[in-house]
Amino acid sequence: MSNAIETKNLHRRMGKTFEIRELSLSVPTGSIYGFLGPNGSGKTTTIRLMLGLLRHTGGSCMVLGRPIPGDAPRVLARTGYVPERPHLYTTFTIGEAMRYHAAFYATWDGRRAEELARRFGLDQTQRLSRLSKGETGKLMMLLALAQSPDLLVLDEPTDGLDPVVRREVLSALLDYVSQRDATVFISSHLVHELERICDWVGVMDYGRLVAEMPMQTFKNGIKRLRVTEAPSLVSDTPFVLLARETGDGLSGGEVWVVRGWQDPMKQYFEGVGARLREVVDLDLEEGFVELLRTFRAPGA
Amino acid sequence: MFRQILYTQWKWSGLGIVAAALASFVLPILTVQGAGTSDPTWIDARALLPALEYWSRAYPALALAIGLLGGTMAWTNDHRGRHVYALTLPLPRWHYVLLRYGAGLALLLVPVLLLWAGAMLAGRMATIPPGLHAYPHALALRFGLAVLLAYSIFFAVSSGTTRTAGYVIGVVAGLMVLQVLILLSGSETRLVAPIFDRLVTLPGPFEIFGGRWMLIDV
Amino acid sequence: MCSAHVHRRLAGAIVLALLCAPIVVAPARAQDTAEYRELVERLAERAQTLARTESSTVRGAERGRLDTLTVGRLTLLFPPQRRALVETVGRTAWDSLAAAFGADTTALQRHVITLGGPGGFRIPEWTGGQATGPRADLEFAVGVVLGTVRDTEARRFHGDPWFRDAVRVMFLAEPRLQDEAVYEELATKPWRVVRACYDGDLAECDSALAVSSDAATTALRYTPEERRRIVGREREVITSLRSAAGTAQCVEARVDSACVDVMRRFYLTEQPLSPLARATLMRTAFTLGGDGSYARLLASDEPEFLARLAAVAGVTPETLLAEWHRQILAARPKSMMLTRISGWIAFLWAAAFAVAATRSSRWRRD
């Protein structure tokens with residue numbers, strides 16, 4: 001499977017205290033890739049590096065098979081981008097914004113644009129400075145989708161939007177993806193939202209990629225185990241032990257957070273003389289939090 | 001693409017361009033207001049020339065103002081959005097810059113053409129004493145070049161980053177501070193004056209703003 | 001973002017100030033030039049006074065502290081530390097004198113001028129409250145020397161106002177600028193006699209250049225209509241001196257004899273052409289006459305200025321006037337016309353700044 005986006009050891013320093021380093025991620029073509037991370041983890045910076053808005057100082061970046069920033073104009077011609085903060089000219093009306101945007105993209109689909117405007121309930125005579133947050137979000141999605149892009153890069157597109165608007169926007173996105181074999185790279189800190197639509201997930205923290213895997217593996221693979229009589233030292237586990245803590249007084253024993261869990265792995269505990277009391281499924285958010293916690297722990 | 005960029009430029013700076021155009025048209029007419037005397041047999045050219053010279057400083061000042069307006073307005077809305085929109089458009093960046101430049105230039109053609117029209121009208125309206133001539137075409141050409149240069153300078157400054165602005169300010173301030181220190185030390189070395197002279201005489205960039213800006217002259 | 005905006009505006013304001021400077025510098029320089037001329041004239045007078053009253057004992061004592069430099073007919077006294085400047089002053093001043101009076105300057109009187117030191121002209125000099133720099137010091141000192149020489153030479157034409165006034169303005173500006181100013185006079189003065197001279201009537205040039213101390217004679221050089229206009233222009237001043245009757249007769253009743261009478265009584269004797277025009281004619285005669293022209297002029301007792309100059313030049317009066325006329329018309333100022341080089345330079349600078357805009361780090365992708 002080819003990758004729509006591929007970075008290798010990407011590096012960029014931002015100011016004195018923050019840097020993106022050793023960032024190697026791969027976004028399979030045709031996938032919906034969720035890019036997770038807390039605020040300030042470097043998601044937006046990574047996106048700007050991928051689109052050539054910032055120049056990386058190390059490593060390489062290929063988008064749609066072309067190097068960035070060298071071939072950025074060609075890449076951007078096939079990429080629909082919704083930034084974190086609105087970037088349109090507020091002196092425009094919606095109609096003017098559509099016409100301006102259309103002038104730069106040979107693949108602009110006027111019919112789709114009109115259809116989306118009707119679907120989103122946007123008045124084309126309305127000035128951008130007077131739009132609500134939701135309307136602005138819808139407009140930016142409209143512009144990105146009407147370009148007929150091969151790649152959609154969405155930086156927290158539903159941030160601050162009410163649930164109704166979020167649903168409209170994501171619905172339009174999924175409709176588009178279902179019609180075309182487009183790749184979607186969507187960053188967010190709203191884990192539940194991504195859980196529903198993404199089939200790949202990458203987790204970012206402190207400028208580094210913590211984990212990257214299919215969404216299903218992420219959701220199913222992280223478990224919380226209640227273990228008693230476990231040896232102090234464990235090795236050669238069939239799963240990835242993310243954390244090991246003393247349990248609360250009521251249940252006793254230890255709490256293990258593991259990744260890559262599968263049922264047959266229960267036998268491991270018998271082998272080391274421990275007893276597995278309980279296997280607790282974690283939802284995506286809990287799994288995300290545990291992942292970050294272990295990443296941030298000293299010695300991780 | 002160019003049409004859309006021209007449209008945006010017009011949207012952002014249209015009011016200023018209209019004001020500049022009106023001022024450009026009216027200025028030459030104002031400068032010859034004393035020359036339309038009712039007694040054409042008696043025109044004292046020596047009274048007319050100082051009056052024209054009084055207004056002559058207005059031409060380079062207007063050219064400068066129009067250039068400033070055009071050069072800064074070209075980038076105002078991009079600055080507001082931190083240039084994200086422009087930088088994500090699918091065309092080479094230098095191409096985008098030149099499109100903006102060209103659009104601004106196209107709009108600034110309006111006040112220049114109106115100055116030309118105003119100068120030709122003023123030349124016809126004025127009773128020109130023998131020995132003097134009207135120079136509407138030369139005036140318009142010089143004015144156009146001055147506008148072009150002023151616009152280019154302010155466009156370049158506005159397109160730069162904060163760091164660039166810092167360098168410009170730093171160099172200018174540094175020269176002035178150095179000059180003050182030199183003067184305080186008792187030396188007679190002049191730092192700023194020679195640089196200034198170089199800038200305002202050929203082949204310096206500001207030479208076009210000097211000289212005689214007289215619609216009617218010998 | 002706010003600070004970026006402020007920085008950008010500040011940079012723009014500074015560039016704006018730099019660009020505005022030429023607009024204010026020229027008037028300031030013009031003003032400086034006018035004040036500077038007045039100051040030079042005052043100082044030249046002072047120099048003459050000092051030279052006359054200085055005692056030989058004092059002179060000897062002061063020379064003991066000063067160095068001496070002799071250039072042609074000039075002896076310059078100065079503090080030793082000013083040698084470099086004064087050498088340049090001497091060379092520059094002498095070159096101007098040689099250009100004006102001819103290479104053979106033995107006809108010039110000898111001058112001793114003290115620059116700096118006790119009793120001499122101070123260098124640097126404060127002019128109008130502003131300190132001068134080395135170039136201004138040089139210009140000022142050269143002006144002092146030329147002014148001193150000029151006034152002395154002008155006094156040698158004591159009884160002859162034509163040459164006296166012409167010599168007094170010989171060094172007002174460099175020859176090219178003098179010719180331009182005279183062109184402007186010829187082109188813009190409304191008097192019939194001047195217009196005719198501009199158009200090539202050499203007999204009228206003779207009349208326009210002539211000077212008479214008799215106000216009535218001068219008045220007759222103008223047409224009746226011009227005389228009426230001149231009196232009408234000065235009407236308020238004349239009326240305040242209780243001569244309204246004559247003025248009214250001239251202006252309203254259009255009695256020409258009344259106009260001549262008013263002009264004679266109130267010395268409304270504006271000469272058709274200024275002393276600068278005479279100075280340029282004299283320079284033309286010296287150029288044609290070559291070496292020894294000035295000496296021949298001093299030695300001549302020909303009463304008519306044109307005949308005298310023609311004799312100095314070794315040509316006929318008509319030839320002299322024709323050459324002068326050609327020279328002045330050739331000196332027409334460039335005025336509004338843009339030179340090709342100036343236009344191209346402006347265009348290229350504009351292009352350079354446009355390219356610079358594309359090379360800003362924000363807009364460069366490499």
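Residues numbered from 1 in each chain as written. Chains lettered and ligands numbered in written order. Predicted model: local features only at pLDDT ≥ 70, side-chain atom pairs only at ≥ 80, totals over all residues. Heavy atoms only, no water.

Peer 1: What is the right way to look at the overall build of chain A in this model?
Peer 2: For chain A, the helix and strand inventory stands at 10 helices and 15 strands. Along the longest, intermediate and shortest principal axes, the C-alpha atoms of chain A span 70 × 40 × 35 Å. Across the 300 residues in chain A, those meeting the buried criterion constitute 52%. Here the contacts in chain A between residues at least 6 apart in sequence split such that 71% fall between residues at least 24 apart. Total accessible area on chain A stands at roughly 13,700 Å², and carbon and sulfur atoms take up 47% of it. Side-chain charges in chain A split into 37 positive and 37 negative, and the spacing between the mean points of these groups amounts to 5 Å. (Helix = DSSP H or I, 4+ residues; strand = E, 2+ residues; numbered from the N terminus. Buried < 20%, exposed > 50% of the residue type's maximum accessible area, 1.4 Å probe, protein only. Contact = heavy atoms within 4.5 Å. Areas by Shrake-Rupley, 256 points an atom, 1.4 Å probe, with all protein chains shown as cover. Lys, Arg positive; Asp, Glu negative; His and termini not counted. Charge placed at Lys NZ, Arg CZ, Asp CG, Glu CD.)

Peer 1: Please explain the confidence of the model for chain C as it appears in this structure.
Peer 2: Regions with low pLDDT carry predicted coordinates that are not meant to be interpreted in detail. Residue and element names in this part refer to chain C. With 73% of its residues at a pLDDT of 70 or more, chain C has an overall mean of 78. When mean pLDDT is compared element by element in chain C, helix α17 (residues 317–330) scores highest at 95, while helix α2 (residues 56–63) scores lowest at 46. With pLDDT under 50 throughout, residues 22–34 is counted as low confidence; its partners more than four residues away or in other chains account for 11 contacts. Taken as a whole, residues 50–61 scores under 50 in pLDDT and shows 4 contacts with residues more than four places along the chain or in a different chain. (pLDDT = per-residue confidence, 0-100.)

Peer 1: Looking at this model, I keep getting lost on the interface of chain B and chain A. Mind explaining?
Peer 2: It is common to report an interface's size as the accessible area lost on association of the parts. With 22 residues of chain B at the contact, the number on the chain A side is 24 residues. At the boundary of chain B with chain A, total buried surface from both sides reaches about 2,200 Å², with 63% on carbon and sulfur atoms. Among the residues chain B hides against chain A, the three largest losses belong to Tyr85, Thr88 and Pro90 of chain B. Together they make up 33% of the total. Counting across the interface, chain B meets chain A through 1 salt bridge. (Buried area = accessible area lost by both parts, 1.4 Å probe. Salt bridge = Lys/Arg side-chain N within 4 Å of Asp/Glu carboxyl O.)

Peer 1: Sorry if this is basic, but what is going on with the environment of Arg142 of chain B here?
Peer 2: With respect to the helices, strands and loops of the structure, Arg142 of chain B is situated in helix α7 (residues 136–159). Separated by 58 residues in the primary sequence, Arg142 of chain B and Val84 of chain B place their C-alpha atoms 37 Å from one another.

Peer 1: Would you mind showing me how to read the sheet that holds strand β14 (residues 254–259) of chain A here?
Peer 2: Consider a sheet: its strands pair through backbone hydrogen bonds, and that pairing is either parallel or antiparallel. All names here are of chain A. The sheet built from 4 strands is open, its strands ordered β13-β14-β12-β15 with antiparallel pairing. Only two strands of the sheet have a single neighbouring strand rather than two, namely β13 (240–246) and β15 (275–281). Strand-to-strand, the axes of this sheet are offset by a mean angle of 25°, without reference to chain direction. When strand β12 (residues 223–228) meets β15, the two strands line up antiparallel, connected through 6 bridges. Note that in β15 the partner of Thr228 across the bridge is Arg275. Together, β12, β13, β14 and β15 form the strand contacts of helix α10 (residues 284–296), whose direction differs from that of β13 by roughly 85°. (Pairing = 2+ DSSP bridges. Axes fitted to C-alpha atoms, helices over the stretch in contact; angles between N-to-C directions.)

Peer 1: Teacher, can you tell me more about the pattern of salt bridges here?
Peer 2: Side chains that carry opposite charge are capable of pairing whenever their charged atoms lie near each other. All names here are of chain C. Scanning the entire structure with this criterion turns up 39 salt bridges over all chains. Salt-bridge contacts for Asp151 lead to Arg150; the nearest nitrogen and oxygen are separated by 3.1 Å. Taken as a pair, Asp151 and Arg150 share a single burial class, namely buried. In this structure, Asp261 and Arg265 form a salt bridge, with 3.2 Å as the shortest nitrogen-oxygen distance. Remark: Arg265 and Asp261 occur in helix α13 (residues 256–265); sequence separation between them is 4 residues, near one turn of the helix. Shared partners join several salt bridges into a network, and the residues in it are Glu225, Arg228, Arg229 and Arg254.

Peer 1: I'm lost on helix α18 (residues 340–358) of chain C in this one. Help?
Peer 2: A turn of α-helix holds 3.6 residues, and therefore any two residues three or four places apart point the same way. With 19 residues, α18 of chain C should cover 27 Å at 1.5 Å per step; its first-to-last C-alpha distance of 27 Å lies within 8% of that length. Inspection of α18 of chain C places Ser342, Gly343, Ile345, Ala346, Ala350, Ala354, Ala357 and Thr358 of chain C among the buried residues, and these make up the whole buried set. For α18 of chain C, the secondary structure elements touched by its buried residues are α6 (93–125) and α7 of chain B. (Expected span 1.5 Å × (residues − 1).)

Peer 1: I would appreciate a short explanation of the sheet that holds strand β4 (residues 32–36) of chain A in the present structure.
Peer 2: Residue and element names in this part refer to chain A. Here 6 strands make up an open sheet; going across it, the order is β7-β8-β9-β4-β10-β11 and the pairing mixed. At either margin of the open sheet sits one strand with a lone partner, and together these are β7 (79–82) and β11 (208–214). When the angles between neighbouring strand axes are averaged without regard to direction, this sheet yields 15°. Relative to strand β8 (residues 151–155), β7 is paired through 4 bridges, and the arrangement is parallel. Across the sheet, residue Val82 finds its bridge partner in β8, namely Leu154. The sheet contacts of helix α5 (residues 133–146) involve β7 and β8, and relative to β7 the element is tilted by about 175°.

Peer 1: Hey, could you run me through the state of the cysteines in this one?
Peer 2: By definition, a disulfide links the sulfur atoms of two cysteines through a covalent bond. Evaluated as defined, the whole model comprises 2 disulfides over all chains. The disulfide partner of Cys197 of chain C is Cys205 of chain C, and the S-S distance across this bridge is 2.1 Å. Disulfide Cys197 of chain C to Cys205 of chain C: torsion about the S-S bond roughly 95°, handedness right-handed. The disulfide partner of Cys250 of chain C is Cys259 of chain C, and the gap between their sulfur atoms is 2.0 Å. When the S-S torsion is 95°, as for the bridge of Cys250 of chain C with Cys259 of chain C, the disulfide is right-handed. Accessibility expressed as a relative area gives 0% for Cys250 of chain C, which makes it buried. When its relative accessible area of 1% is taken as the criterion, Cys259 of chain C is described as buried. Cysteine pairing for chain C, with bonded cysteines counted in sequence order: 1-2, 3-4. No disulfide involves Cys198 of chain A; its sulfur sits 19 Å from the nearest other cysteine sulfur, which is in Cys61 of chain A. Take Cys198 of chain A: its relative accessible area is 7%, and that puts it in the buried class. (Disulfide = S-S within 2.5 Å.)

Peer 1: Just to check I follow, could you spell out the packing of helix α6 (residues 175–188) of chain C against α17 of chain C for this structure?
Peer 2: When two helices pack together, their arrangement is captured by the angle between the axes and the distance separating the axes. Residues and elements named next belong to chain C. Two elements in contact, α6 and α17, have axes separated by 8 Å at closest approach and are oriented at 95°. Relative to α17, the element α6 lies roughly perpendicular. When α6 is examined against α17, the residues Asp179, Val182, Tyr183 and Leu186 are found in contact with a partner set consisting of Trp324, Gln327, Ile328 and Leu329. In the contact of α6 with α17, the residues fall into 6 nonpolar, 1 polar and 1 charged. (Parallel < 35°, antiparallel > 145°, perpendicular 65-115°, else oblique. Nonpolar A, V, L, I, M, F, W, Y, C, P; charged D, E, K, R; others polar.)

Peer 1: Explain the packing of aromatic side chains to me, please; I cannot follow it from the model alone.
Peer 2: The geometry of an aromatic ring pair is captured by the separation of the ring centres together with the interplanar angle, meaning the angle of the planes. All told, the structure shown has 32 aromatic pairs over all chains when counted by the stated rule. Centre to centre, the rings of Trp75 of chain B and Phe155 of chain B are 5.2 Å apart; their planes meet at 45°, and the pair counts as tilted. In this pair, Trp75 of chain B is assigned in the loop between α3 (58–73) and α4 (76–80) and Phe155 of chain B in helix α7, connecting sequence segments 80 residues apart. One exposure class covers both Trp75 of chain B and Phe155 of chain B, and it is buried. Aromatic pair Trp162 of chain C and Phe305 of chain C: ring centres 4.5 Å apart, planes at 20°, arrangement stacked. Residue Trp162 of chain C is found in helix α5 (residues 161–168), and its partner Phe305 of chain C is found in helix α16 (residues 305–313); the two are separated by 143 residues along the sequence. (Phe/Tyr/Trp six-rings, centres within 6.5 Å; stacked < 30°, edge-to-face > 60°.)

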